[in-house]
Structures are given as structure tokens and as C-alpha cells.
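Topology and contacts: notes
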Amino acid sequence: MTTILTEQMHKNSLKFRLWFVSFVFFLLGGVSLFAQEEIPLRKPNAPKLPVVYPEIVLPEGSGPHYYVNAEEVSRLQTAYESGGKVAKSLANIVRQAQFAVGVPITFPPRGGLHSSLYHCPDCQRKLKPVLDESQQIEHHRCGKCDKHWSGFPYDDVYYTKAHAQNFKRGLLVAKAFTLTNEDKYAEFVRDLLVGYADRYRGYKRTKGILSPGRYGHICSTDHEAGSLMMQYLGPMYDMTGHHPCFTSADHRHLKGDMIEPMMTYFDTATMRGKSNHHSFHNAGYIWGGVLTGDKTRIAQAIYGTNGGFIEQVRTAPSLEGLWPGGYAYHFYARRALVRTAEVARHIDIDLYAEPQFKKMFFLPAQEVMPDGFTPNFGDDPGKYVVGRLGSEEGYAAYRDPALIPLLSAEVTWESVLAGRTMPLQQVEFENESILLPDGGHAILRGREPASFSLAMQFGKYGTSHSHFDKLSFILYGNGQQLGLDSGKRHSVDYESDVHQAYYRGTIGHNAIVVDGHPQQRNTNNCELLEFEAEGVIPYVGAASSELYDGVRQVRWLAVAPEYVLVLDQLHSNKEHVYDWWYHCKGENGTVEQANSVGQPRKESVDPGLKYIADIQRGNASENLLWEVSRNAGQFRLTLANESETSVLTGTGPLTSLDKRVPAVRFTRTGKDVTFAAALEFVDQGQEPFVFSIQVFVKEEKTSVTVSHANGNDRFVLTSDQFLVLDGPRTSRE
């Protein structure tokens, strides 16, 4: 009996060691036996349609119909032949296409993987491909540690880029055919499409190391396949498929061996309904449906009750029209929604009439920050709003002057296709303070001279792209960004430690960390206390008791013409350590009292702190001043004395671990703690506006006095209201 047990234990131990070695091999990027196996499709989701929906009528004739119709082709050709500025961008398309058709088409040996996997496992830096003389991959090099990585998954990410370049060339050449009717362009597109149809079923579906989902033949995810269908495959086939170089056998081959299998792939998707992924599935469905004549697929894309277009735009955006996950995903989802709406428009179905869809075009114009970008909360690098895909189509649909600032001033393919053939005069945004109670943030716009724009985040933790950043804010003033959200201004693996611990963690935001831990995942918006946009000093207040167990946090933000007030109050029945963090672009962030080199806390206590470098520490019981040199001036943060304060200065990562920005942390301990700070920018050669800031806390009343060049401003917080008693100021005149 003992011998049998010993043998069994030995077998189990051996199994464990084999499993462990395989797991480590997996993490190191080795080619596991399981990494590139053929993966069967999931069980398909059957289309769910309402009992009754409008009849779908497809146009007759050989086309093109769905990306461009006869009227639009005529408009594009007329603009191209007109010469001058109107034809400049169109002539450039033809010029590039002439070169593109002379380069042989190279098909990668297999499909691709997501770019988030293209990072050095050791340094978390983005890799660079190294090619041999014949332009074949040798390996992938890390610019930091100079290590070389090869094989799966790195080659596969590179293949993604190769596939993308092929289809971009195809779309470019298809546009050139539409403009010129030259046979060589249609023939190139035919060879590209048929070449992919020849290989599509032969490309194995694989699963990746970090994301063990089931991937498609060409694209790494189902929504990327939808993007391929709507952005490239569908439009280029529509523009050229009527040319005689496409035989009947070609059409059967393309539809039967690539388009229909791709739609079957969408059927297996698990992220449906409110997911931005499903917007791309719908775009793939409608394109596949019109190209194959499958009206059920078209109806599924528009009227489907398991996440069709109409259901999506009525349920996914906030009441104000913001897509879940921030503006990066707002524009990402809108791109797919526009593609669906455009195909629908070409078969006489108006989806632009949906009220929530309409709001998705107008909201960015109201929220654009002074640098032309939208607020970058969550996994959002910030998106420049002018000339974004979908802007021309939105303006063509609504013809509202409020959308003109979003349009590119130049005439482009997109503008001509949408009906605009004349250049525009640049139009300035004239934005006011705005509150999105359902979307979960507010923007305060201050008066001159600083003209601050401050965006505060108080929304719920809604998607996997949300950050632990509630009650944080970003700040612009004096023509520059003065307070930033590290967000996702980087190309990094979502699962990497730097993303999870720092970029996504509370420490990477202008927020308060309690006991060294990131905020909890709360599913509700924070409590909006008050929003006041009128007056010389607009302000907003919000609170939550869900970010940390047993802790209630209240934050008030007020935007004076010359400075910003930040007032935080924290209450608990137990003593806690409160870290008040702030991040600002610039150089040499210093606090006079922080003059000794310090070591980070243990990682188990504060996992993101290991990414703070150049640390200096100190302690003080008086007002503290953090100064950051920036653009021929200084950003100044004055923190009022309220109790003994520990100070840490350093630098945190921004776009990468090598590109860093100044950061400061003020730490106080207790059951009830208050932080009050004044933020301003002082141009070189000018005197600071703020002299000092004082805070008085007595029972249920808190009073903050900011002494400045024109006198005093007083802010009084009681249990039921926030009062602003601002003094006279010359800047108001």
C-alpha cells in the first residue's frame, strides 16, 4: 500500500513539474505546444430578430452601391478632374496607387495577433522588428535591454501589420479605380482579394499566450475581423467588384470562402450588446449581408434584439451620448456605427435619426479641451477631435454649424464622399462648463487670465478599460496641460504589471490613495454634491463611501480666473494613511522640505510605487510648495498646513517607463483629514498670484482662505452647502 501511494505521489509530482515548466515556458514567450494549435469555433449565437421589422430592399445592377453609389462616384470624379486645391488630396490617392500597384503582393504565412503582445517580457518596452536582406523577420529587439525575441507571438504581431498594409494598399487602389476607371487598379484589387480568399480557410485559428481566446483566420479577434470587413474588404470589393476582371468563379470564391465564413466567426462572439466590439460585428454583418445578398444578416445588424445597431445606440451610450469606456472607445465604437449607418443609408434606411446616435457626434464638440483633445479618463490616450472618422458623415446628416469645428479644413476623400467639396475656414471652439451626471464627469471652464479647463471624473467603474481613478481630475490652464491623467498614453500590454499597478491604479492619477492600495471597484457613480457653472469661480463637488471600506471621501474643485482650489475631506472611524497625489508635465518638481533620498515602500503595500523614480522625501508642519519648471514658467502647488505632512517627490512614467513626468505625494494620517491646495502657473518674470492658503476645520464647518495679489477669496463648506466668497480682482476687469 505504501509503495502504491509513493508511486502515485511521484506521478503527481512529476505532472506538477511538467505543468510548471510548461507554464514558465509560456510566460517567457516560448512556443508552447498549445500556443498555435487549430482552435475550433465556439458555438454560434443564432440571430435574434423582432417578429416584424421594415422590409429590406437591395439595389439592382452590378454596382457599386454600398460604399459609393453612382451619384457619389460622379461627384468624386468631378472633384478629381477639377484640379486645384479641391483635387489635391484625390490626386494624391492616385499618385500613391500608381506606386502601390507596382509592388508585388506578399501574403504572410498566417494570421496575426494583437499589438499589445509586442513588448519585451522583461522590460515592458515596445519591441522593434529586425529584418534580413530579403525583408524577412530575423527577430524582434528590445531597445532597452537589447534582448532578442523570436517566434510566437512576436512574429504574429508583425504579420498583423503586414496584413493591414496589404488591405490599406487595396483600399487605396480601389479608390484610384473609382476616380480614374483604369483597369490596372481593379485588377490589383481582384488579385489581392482572391489571394486572401485562396488562403483564408488555410490560416489556422490560434490562441495567444496572454489572451487565450479563440482567434480568427486573419485577425486576432472577432471585432478586428469586423473592422477588416467594414473598413477594407467591403468597400474595396464594392468599388471594384463590377469590373470584368472579376469572374463568376471569383465572386463565388470570395463570398463562399471568405465573406460568409467571416460572418460565421462573428456569430461566435461573446462580447455583444453594449460592447464596442459588437459595433464592429454589426458592421461586419451588414457589409457581409449586402455583398452576399443575405437580408437576414442585414436585419441582424440593424434590428437584432441581441445587440443590433438600434438596440446598441439606445442602451449603450450615457444619457448625454458618451460611449462606455471614455472617448477612445467612444470614437472607436462610433467608427463602426457610422460604417453601419452609411451602408444602411445606401439602401434607404436612416439610422442617423436615432437620438442617442446623434448625441455621439455633438458631445465631443462640447467637451474638447484647449489642446484639441478630449478628456482622457480610463484606457484613453486622449483623442484629437478635428477630422476624426465619422465627422464628415455626421455633418452631412445633421447640417448643424456646431459640428463645423470638428471638420478638417481641407477637402478630402471623406468630405467629397459626404458632399462637401469646398475648403472650410477654421472655426474656434467656444465651450462652456458642462456636466454629464450619467456619463460621470464634469468640466469647469474658468475665466481669463488663466482660462482654466478642469475635467473631474466621478463615474462608475464600468468596463475593463476603466481605471481606479474616481474623484480624480485633469487640468489645463495658461495654454497648456498642468495636471494630467497618466491614463493609457502608451502602447503597453493591458495585462502587464506597469499597466495594472500604475497606469490603471489610483497612484497614476491626481487622486487620493488610502493605506497604499488602489480604489475598490465600485459599480455606481460617485455622489454628485453640487455643480455651479455661473459666477466668477465655478465649482463642483462629489463624494463617495465606496472607494475604500469605511472611508468617506469628499472632493471640491473651484476654478478661479487665476488659480484652482482643491479641497478634500476624508472621514473614517479608524485611522488611515492618506496619500494625496498630483502629476504635471515639466522638469525639476521640487519641494524645499523634501531633500533626502528615500526608498519606495514594499511592493506588497503599494504596488505602483516601484514605478516612481528620482525619489526625495521630507516632513513638514507648515504650508508646502511644490514647483515644477515648465515652458518658461513655473507650475506652483501650495498645500495648506492642516497637520503633520510627509512629502515625496519623484517622477512617474507617462508614455513609457523612459518618458517621465514630475509627481508629488503628500501624506497625512488620522481618522479625519483635510487637504486644501491652490494650483497656478506663473510666467517667467512674473510674480505669483497666490500668497498663501489657510484652512480652518471646526465641527461641521470648514473654511479655506486663499490670500492673493488682489486680496482674499474665502470658501466655506458646511454640511449642506459650499459657499464662494470671492474678493475683488483686477483680472476681472
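Check the entry above for the structure.
In this report, we go over the structure that sits alongside the text.

Analysis parameters
- Residues numbered from 1 in each chain as written.
- Predicted model: local features only at pLDDT ≥ 70, side-chain atom pairs only at ≥ 80, totals over all residues.
- Heavy atoms only, no water.
- Pairing = 2+ DSSP bridges.
- Helix = DSSP H or I, 4+ residues; strand = E, 2+ residues; numbered from the N terminus.
- Axes fitted to C-alpha atoms, helices over the stretch in contact; angles between N-to-C directions.
- Contact = heavy atoms within 4.5 Å.
- Salt bridge = Lys/Arg side-chain N within 4 Å of Asp/Glu carboxyl O.
- Buried < 20%, exposed > 50% of the residue type's maximum accessible area, 1.4 Å probe, protein only.
- Phe/Tyr/Trp six-rings, centres within 6.5 Å; stacked < 30°, edge-to-face > 60°.
- Lys NZ or Arg CZ within 6 Å of the ring centre and 35° of its normal.
- Polar contact = N/O pair within 3.5 Å; in protein donor to acceptor, adjacent residues only side chain to side chain.
- Core = buried A, V, L, I, M, F, W, Y, C linked by side-chain atoms within 4.5 Å.
- Parallel < 35°, antiparallel > 145°, perpendicular 65-115°, else oblique.
- Left-handed = near helix turned anticlockwise from the far one by under 90°.

1. Some thoughts on the sheet that holds strand β7 (residues 473-477)
- Taken in spatial order, the five strands line up as β4-β5-β6-β7-β8 in an open sheet, and their pairing is antiparallel. Only two strands of the sheet have a single neighbouring strand rather than two, namely β4 (434-436) and β8 (480-483). Strand after strand, the sheet turns through a mean of 15 degrees between neighbouring axes, direction not considered.
- Of the pairings in the sheet, the one linking β4 to strand β5 (residues 441-445) comprises three bridges and is antiparallel in character. Residue pairing for β5: I434 is matched across the bridge by I443.
- Running at roughly 135 degrees to β4, helix α12 (residues 355-367) makes contact with β4 and β5 of the sheet.

2. Some points on the pattern of salt bridges
- Tallied over the full model, the rule gives 23 salt bridges.
- With a shortest N-O distance of 2.5 Å, E392 and R420 are connected by a salt bridge. A residue pair is termed long-range when its members are at least 10 positions apart, and E392 in helix α13 (residues 391-398) and R420 in the loop between α14 (413-418) and β4 qualify at 28 residues. For the pair E392 and R420, one class covers both residues: buried.
- Between R665 and D579 there is a salt bridge; the shortest N-O distance is 3.9 Å.

3. Some words on the packing of aromatic side chains
- Under the counting rule described, the total for this entry stands at 30 aromatic pairs.
- Ring geometry for Y352 and F361: centres 6.2 Å apart, planes at 45 degrees, overall tilted. The same class applies to Y352 as to F361, namely buried.
- Aromatic side chains W626 and F635 sit 6.2 Å apart centroid to centroid with 85 degrees between the ring planes, which places their arrangement in the edge-to-face category.
- Classification of W626 as buried rests on a relative accessible area of 0%.
- For F635, a relative accessible area of 0% corresponds to the buried category.
- Within the aromatic cluster, the residues linked to one another by ring pairs are F473, W580, Y582, W626, F635, F666 and F675.
- Taking the ring centre of F107 as reference, the NZ or CZ of R199 above it sits at 3.9 Å.

4. Side note on the sheet that holds strand β1 (residues 127-131)
- Ordered by their spatial adjacency, three strands build an open sheet running β1-β2-β3, and the pairing between neighbours is antiparallel. The open sheet has two edge strands, β1 and β3 (148-149), and neither has a second partner.
- Alignment of strand β2 (residues 137-142) against β3, held across two bridges, turns out to be antiparallel. For H140, the partnering residue across the bridge sits in β3 and is W149.
- Contacts from helix α4 (residues 154-180) reach β1, β2 and β3, with the element oriented near 105 degrees to β2.

5. Focus on the side chain of H243
- Within the secondary structure, H243 is located in the loop between α6 (222-240) and α7 (248-267).
- Among the polar contacts listed, one links the side chain of H243 to the side chain of D183, at a separation of 2.9 Å.
- With sequence-adjacent residues up to four places away left out, H243 is seen in contact with F177, D183 and A186.

6. Re the nonpolar core
- Membership of the largest hydrophobic core comes to 111 residues, with the highest contact counts inside it found for L193, M258, M262, W287, I302, F357 and W413.
- The biggest single contributor to this core is helix α11 (residues 327-346), with eleven residues.
- Excluding residues within four positions of it along the chain, W413 makes contact with Y67, L76, S89, L90, I93, K175, T178, L179 and M239.
- Membership of the second largest hydrophobic core comes to 59 residues, among which are F452, Y548, L609 and L624.

7. Some points on the packing of helix α5 (residues 183-200) against α6
- Interaxial distance between α5 and α6 falls to 10 Å at its minimum, and their mutual angle equals 135 degrees. The orientation of α5 with respect to α6, classified from their angle, is oblique. Where α5 crosses over α6, the two elements pack in a sense that is left-handed. Across from A186, V189, L192 and L193 in α5, the residues of α6 making contact are L233, M236, Y237 and T240.

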